[in-house]
Amino acid sequence: ADFGSTLTAPAISIAQEHHMLLFDPTASTPGFFSPSNPYVVDLSIRVSSQWPLVLAQYLITHRTSISKIAILYTDQPFLAAQASTLYSALTAVGITPVYYQSTSASSSAEYSTLLESINATSPQAVIELGYDLNDIAFFSALKAGNYHFPFVFTIYPGLEYSVLYADTPPGSLN
């Protein structure tokens, strides 16, 4: 299958329909691997539902200064798994996010509206789980709206910093 759950999901349906084995090199969406789906083989470590536990632990450790947390995630299985893991880990210790929402937003204008709603909850941390284009739109809207949160976390600056640095307004990633 190609990279990403968006392309893997239809490939799994085709594999099931034709009773053929599918090799998933990214193995990023836990929901794809179940007893009812014997046609997909995990060729990678399933980390999309595991790394958020590290972020959750950080937030839990700093709960005295970060207790109001907003989680915004792109409505897609790979990212929904990460958001769900983060949400579950936080709520298990009594931290209920003040904002927990999926989105199909991809433009700065759409993110501006979402950031307005997030800002209304006065979070101390904003977690945005999206792909590079989502992060670019998110950071652009953050800068344009002059929003400031004590803690902001997104995935792609750590993976593709040069892409985000080049495609966001100056100072957006600071």
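Predicted model, so just to flag it, every value in this text is computed and none were measured. (Residues numbered from 1 in each chain as written. Predicted model: local features only at pLDDT ≥ 70, side-chain atom pairs only at ≥ 80, totals over all residues. Heavy atoms only, no water.)

1. Thoughts on the pairing of strand β5 (residues 125-129)
Piece 1. Counted residue by residue, β5 has five buried out of five residues, so it is predominantly covered.
Piece 2. Neither face of β5 is exposed, since A125, I127 and L129 on one face and V126 and E128 on the opposite face are all buried.
Piece 3. Pairing analysis gives five bridges linking strand β3 (residues 69-74) to β5, with the strands arranged parallel. Bridge pairing in β5 links I69 to A125.
Piece 4. Sheet topology places β5 next to strand β6 (residues 151-154); four bridges connect them, and they run parallel. By the bridge assignment for β6, E128 is matched with T154.
Piece 5. One crossover worth recording links β5 to the parallel β6 by way of helix α5 (residues 132-144), and it is right-handed. (Buried < 20%, exposed > 50% of the residue type's maximum accessible area, 1.4 Å probe, protein only. Helix = DSSP H or I, 4+ residues; strand = E, 2+ residues; numbered from the N terminus. Pairing = 2+ DSSP bridges. Right-handed = clockwise from strand over helix to strand, strands pointing away.)

2. Here's the deal with the nonpolar core
Piece 1. Judged by nonpolar contacts, the single largest core of 20 residues is most densely connected at L59, I69, I71, L86, L90 and I127.
Piece 2. For this core, the secondary structure elements donating two or more residues are α2 (52-61), β3, α3 (77-92) and β5.
Piece 3. The contacts of I127, once residues within four sequence positions are left out, are L55, L59, I69, A70, I71, L72, L86, F151 and F153.
Piece 4. Counting 16 residues, the second largest nonpolar core, distinct from the first, contains I118, V126, F139 and L142. (Core = buried A, V, L, I, M, F, W, Y, C linked by side-chain atoms within 4.5 Å. Contact = heavy atoms within 4.5 Å.)

3. Some points on unusual backbone geometry
Piece 1. One non-glycine residue, S122, lies in the positive phi region at around 50°.
Piece 2. In this structure, S122 sits in the loop between α4 (108-120) and β5.
Piece 3. Residue classification places S122 among the partly exposed positions, given a relative accessible area of 44%.
Piece 4. In this model, N146 sits at a positive phi of 55°, which is unusual for a non-glycine residue.
Piece 5. By relative accessible area, which is 56% here, N146 ends up exposed.

4. Observations regarding the packing of aromatic side chains
The description of an aromatic ring pair rests on the distance of the ring centres and on the angle between the ring planes.
Piece 1. Evaluated as defined, the whole model comprises six aromatic pairs.
Piece 2. Consider the rings of Y73 and Y100, whose centres lie 5.4 Å apart with planes at 45°: the pair is tilted. A residue pair is termed long-range when its members are at least 10 positions apart, and Y73 in strand β3 and Y100 in strand β4 (residues 99-103) qualify at 27 residues.
Piece 3. Measuring from centroid to centroid gives 6.3 Å for Y147 and F149, while their planes differ by 5°, and the two rings are stacked. (Phe/Tyr/Trp six-rings, centres within 6.5 Å; stacked < 30°, edge-to-face > 60°.)

5. Side note on the sheet that holds β5
Piece 1. One open sheet holds the four strands; their spatial order is β4-β3-β5-β6, and the pairing between them is parallel. Two strands bound the open sheet, and with one partner strand each, they are β4 and β6. Direction aside, the axes of adjacent strands within the sheet are offset by 10° on average.
Piece 2. In this fold α3 packs onto β3, β4 and β5, with an angle of close to 160° to the strand it touches most, β3. (Axes fitted to C-alpha atoms, helices over the stretch in contact; angles between N-to-C directions.)

6. Here's the deal with the side chain of T103
Piece 1. Along the chain, T103 falls in strand β4.
Piece 2. Under the relative-accessibility criterion, T103 is labelled buried at 8%.
Piece 3. Within the structure, the side chain of T103 is placed 2.9 Å from the backbone nitrogen of A105, a separation counted as a polar contact. (Polar contact = N/O pair within 3.5 Å; in protein donor to acceptor, adjacent residues only side chain to side chain.)

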